[in-house]
Amino acid sequence: LALIATIIVVGGAGYGYLQQQKRIIFSEKCNELTTIADLKSAQIVQWRKERLAEATSIHANAMMSHRVNDYLNNEERVKALAEIRAWMTSLHDNAGYSKVSFFKPDGELITSVPDENGPLNVNDRNLIAAAVKKCEVVFSDFDIDDNAGTIDIDLFIPLLYSDGSRSRCIAV
């Protein structure tokens, strides 16, 4: 009886200790996951702020809007397009964008780096229209690029041209 009682007491104590250790480990892992989630969300917020800062810079770029306006008005068309493509190539290569495209306000593609002439999906057309209408930067949700088969976030930046009295969107 003493042996059985000892086994029961030791078994109960061991079971209690095991349950306590499980709770401690579970709590530690929850804290670790919470910390990782907080760090990742802070990184995403910082990434979004950086993209918005770049977008604001592009949105307010008067020199580029003048060159795009020159291109659209057939003034130095070849030279203006070469300068626009050089600027887009720089954005593509240095800012880490997978694709940089220029559209007319109606959604017609002007040029793209890298060169792609795939059709726009309905969602992209709607987001271009929203950027033109609001004259504000528009972030898309995560979506699947039908042409590349990748998941991405698109950034639609209206390029405004000021002719003195008013500003209008000439490209996205």
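Predicted, not measured: the structure shown is a model, and the values here were computed from it.

Asks: Please clarify how the pairing of strand β7 (residues 159–162) should be interpreted in this entry.
Replies: The side chains of a regular strand alternate, first on one face of the sheet and then on the other. Here β7 shows a clear split, with Leu-159 and Tyr-161 buried on one side and none of Leu-160 and Ser-162 buried on the other. In this sheet, strand β8 (residues 167–171) lies alongside β7 in antiparallel orientation, the contact comprising four bridges. By the bridge assignment for β8, Leu-159 is matched with Ala-171.

Asks: Even after reading the chapter, I still don't get the pattern of salt bridges, so can you show me in this structure?
Replies: One side chain can pair with another of opposite charge once the charged atoms of both are near each other. Under the criterion given, the structure shown has eight salt bridges. In this structure, Lys-29 engages Glu-32 in a salt bridge whose closest nitrogen and oxygen atoms are separated by 3.5 Å. One end of the pair, Lys-29, and the other, Glu-32, are both in helix α1 (residues 2–59), three residues apart, so they sit about a helical turn from each other. Between Arg-51 and Glu-54 there is a salt bridge, with the nearest N and O atoms lying 3.3 Å from each other. Highlighted residues: Arg-51 and Glu-54, both in helix α1, separated by three residues, approximately one helical turn.

Asks: Can you walk me through a nonpolar patch on the surface in this structure?
Replies: A surface patch of nonpolar side chains, amounting to about 550 Å² of accessible area, comprises Trp-47, Phe-142, Ile-144, Ile-151 and Ile-153. Within the secondary structure, Ile-153 is located in the loop between β5 (150–152) and β6 (155–156). Judged by relative accessible area, which is 31%, Ile-153 ranks as partly exposed.

Asks: Please clarify how the packing of aromatic side chains should be interpreted in this entry.
Replies: Given two aromatic rings, their pairing is described by the distance between the two centres and the angle made by the two planes. Across all of its chains, the model carries two aromatic pairs by this definition. Ring geometry for Trp-47 versus Phe-139: centroids 6.2 Å apart, planes at 55°, classification tilted. Of the two residues, Trp-47 is situated in helix α1 and Phe-139 in strand β3 (residues 138–139); the sequence distance between them amounts to 92 residues. Geometry around Tyr-71 places Arg-77 over its ring, the cationic atom sitting 4.1 Å from the centre.

Asks: It is not clear to me how the pairing of strand β2 (residues 109–113) should be interpreted in this structure. Could you clarify?
Replies: Most of β2 is tucked away: four of the five residues are buried. Pairing of strand β1 (residues 100–103) with β2 involves four bridges; the strand directions are antiparallel. Along β2, the bridge assignment pairs Phe-103 with Leu-109. Linkage of β1 to β2, two consecutive antiparallel strands, is achieved through a turn of five residues, within which Gly-107 is found at a positive phi near 95°.

Criteria and thresholds
Residues numbered from 1 in each chain as written. Predicted model: local features only at pLDDT ≥ 70, side-chain atom pairs only at ≥ 80, totals over all residues. Heavy atoms only, no water. Buried < 20%, exposed > 50% of the residue type's maximum accessible area, 1.4 Å probe, protein only. Helix = DSSP H or I, 4+ residues; strand = E, 2+ residues; numbered from the N terminus. Pairing = 2+ DSSP bridges. Salt bridge = Lys/Arg side-chain N within 4 Å of Asp/Glu carboxyl O. Patch = residues over 30% accessible without salt bridge, like charges linked within 9 Å, V, L, I, M, F, W, Y side chains within 5 Å. Areas by Shrake-Rupley, 256 points an atom, 1.4 Å probe, with all protein chains shown as cover. Phe/Tyr/Trp six-rings, centres within 6.5 Å; stacked < 30°, edge-to-face > 60°. Lys NZ or Arg CZ within 6 Å of the ring centre and 35° of its normal.

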